[in-house]
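The chain contents come next:
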Amino acid sequence: MNHFLQILILVMFAMFGCSAETPLTLDEEEPPKIEVVEETPLPDTPIFTVDVVEIGDIVADTTAGNESYERRLVTLTATIKEMELTPDGNGYISLFTNAENVFFFLRTSRNAEAFADYEFGETYEFTVYIFLQEHRPGDIVPFSIDAIYAKKGLEEVAFETLLSDAEQNNKRYQGRVVRFTATIEHILPDDSLVIKTDRNNFGFSIEGADLGPEEYVVDHSYTFTVFVAGVGDGKPEFNPHITCFFFK
C-alpha cells in the first residue's frame, strides 16, 4: 500500500509540477508593450498638377458653359493679342483665342515687370493659374477667361517669411505655388480662410476652399499648398496683404 501511494504522489507531481510556468531568463523576457495612440490626420489641401493644355480646349470648355479649368495651373502656348501696363504697376496681356466671342486675359497684380520680355504679336509658352471662366450674356464679347501669370515649381517657405515679404513689398513668391504651415483665425461663409498672424492690420486669406466647416477648425494649424495671387505692403491706402487660392 505504501508503495502504491509513493507511485501516485510521483505521478501527481509529474502532472502538476511540470505545468507551473517556468520563469523566463533575461534573454527570454517579453518586450514591454507600447501603447499606440492614433492621431487624427490633418486635412490635406488639394494637390496641384501642372497640365499642358491647348488654349482651344479652354476656350471650348468656356463657351460650353463649363468651368473645368478654374483653379487649375496649366501650361499653354498662345500669341499675344494686346498688352497693357498701367502706372499703378498692374498689367495684363490678352491672348488670341481664334474665337470672336471669347476674351482671354492674363494678368499680373502689381508686378508688371513679369511681362517685360514679351512682345505684341509673338507666340510664347505661358504657365497660368486659371482664375475664372465666365459667361456674361448680353455683352459684346460674352465669354471671358481670366488667368494669373504663374511661375513653375513649388516652394517650401516659412510662414514668417511670407509675412515679412509682404511688409517689405517683396513679391518673390507672388505667382508661385507655395507650401507653408499656419493657423486659421476665421472661416468665412464662402469657405475662404482668414489666416492668423502676429501682426496688427495684416490681411492674409486663402480663397476657394469649397470645403465644409468640418474640414477645417478655427485655431488649428494646417499645412497648405496654395497659389499666391497677390502680395504687397498695401501702401499708402491699405495694410500689408497676402491673397492665396486653393487648387481644385
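Everything numeric in this text was worked out from a predicted model, so none of it was measured.

1. What about the overall build of the protein?
Here is step 1: When you go through the protein residue by residue, the secondary structure sums to 3 helices and 12 strands.
Here is step 2: Counting all 248 residues of the protein, 38% fall into the buried class.
Here is step 3: Surface accessibility of the protein: about 15,100 Å² in total, with carbon and sulfur atoms responsible for 53%.

2. Quick look at the nonpolar core
Here is step 1: By size, the foremost hydrophobic cluster in this structure holds 25 residues, and its most contacted members are F180, F204, I206, F224 and I242.
Here is step 2: Mapped onto this core, the elements with two or more residues apiece are α3 (159-167), β8 (177-187), β9 (193-195), β10 (203-207), β11 (221-232) and β12 (241-245).
Here is step 3: With 5 residues, β11 is the single largest residue contributor to this core.
Here is step 4: Counting residues in hydrophobic clusters, the runner-up holds 24 residues, among them I55, A78, I93 and F143.

3. What about the environment of G121?
Here is step 1: Along the polypeptide, G121 turns up in the loop between β4 (102-108) and β5 (123-135).
Here is step 2: For the pair G121 and L95, spaced 26 residues apart in sequence, the C-alpha separation works out to 9.3 Å.
Here is step 3: In this structure, G121 is in contact with T79 and I80, ignoring residues within four places of it in sequence.

4. Considering the packing of aromatic side chains
Describing an aromatic ring pair means giving the distance of the ring centres and the angle of the ring planes.
Here is step 1: On inspection of all chains with the given rule, the structure shows 19 aromatic pairs.
Here is step 2: Their ring planes at 65° and their centres at 6.3 Å tell us that F224 and F246 sit as a pair that is edge-to-face. With F224 in strand β11 and F246 in the segment after β12, this residue pair connects regions lying 22 residues apart in the sequence.
Here is step 3: F224 gets classed as buried once you look at its relative accessible area, which sits at 0%.
Here is step 4: It is R107 that lies over the ring of F105; its NZ or CZ is 4.8 Å from the centre.

5. Looking at the environment of D210
Here is step 1: In this fold, D210 is placed in the loop between β10 and β11.
Here is step 2: Using a relative accessible area of 53% as the deciding quantity, one classes D210 as exposed.
Here is step 3: A sequence separation of 38 residues divides D210 from K248, and the C-alpha atoms of the two residues are 8.7 Å apart.
Here is step 4: With residues near it in sequence (within four places) discarded, D210 still touches R71 and D191.

6. Structural notes on the pattern of salt bridges
It is possible for side chains of opposite charge to pair when their charged atoms get near one another.
Here is step 1: Counted according to the given criterion, the structure contains 11 salt bridges.
Here is step 2: With a shortest N-O distance of 3.5 Å, D146 and R107 are connected by a salt bridge. One end of the pair, D146, is in strand β6 (residues 143-149); the other, R107, is in strand β4, with 39 residues separating them in the sequence.
Here is step 3: The buried category is assigned to D146, whose relative accessible area is 16%.
Here is step 4: Classification of R107 by relative accessible area gives partly exposed; the value is 35%.
Here is step 5: One salt bridge connects D139 with R136, and the closest N-O pair in it is separated by 2.6 Å.
Here is step 6: Here the residues in one salt-bridge network are E160, E167, D198 and R199, joined through shared partners.

What counts and how
Residues numbered from 1 in each chain as written. Predicted model: local features only at pLDDT ≥ 70, side-chain atom pairs only at ≥ 80, totals over all residues. Heavy atoms only, no water. Helix = DSSP H or I, 4+ residues; strand = E, 2+ residues; numbered from the N terminus. Buried < 20%, exposed > 50% of the residue type's maximum accessible area, 1.4 Å probe, protein only. Areas by Shrake-Rupley, 256 points an atom, 1.4 Å probe, with all protein chains shown as cover. Core = buried A, V, L, I, M, F, W, Y, C linked by side-chain atoms within 4.5 Å. Contact = heavy atoms within 4.5 Å. Phe/Tyr/Trp six-rings, centres within 6.5 Å; stacked < 30°, edge-to-face > 60°. Lys NZ or Arg CZ within 6 Å of the ring centre and 35° of its normal. Salt bridge = Lys/Arg side-chain N within 4 Å of Asp/Glu carboxyl O.

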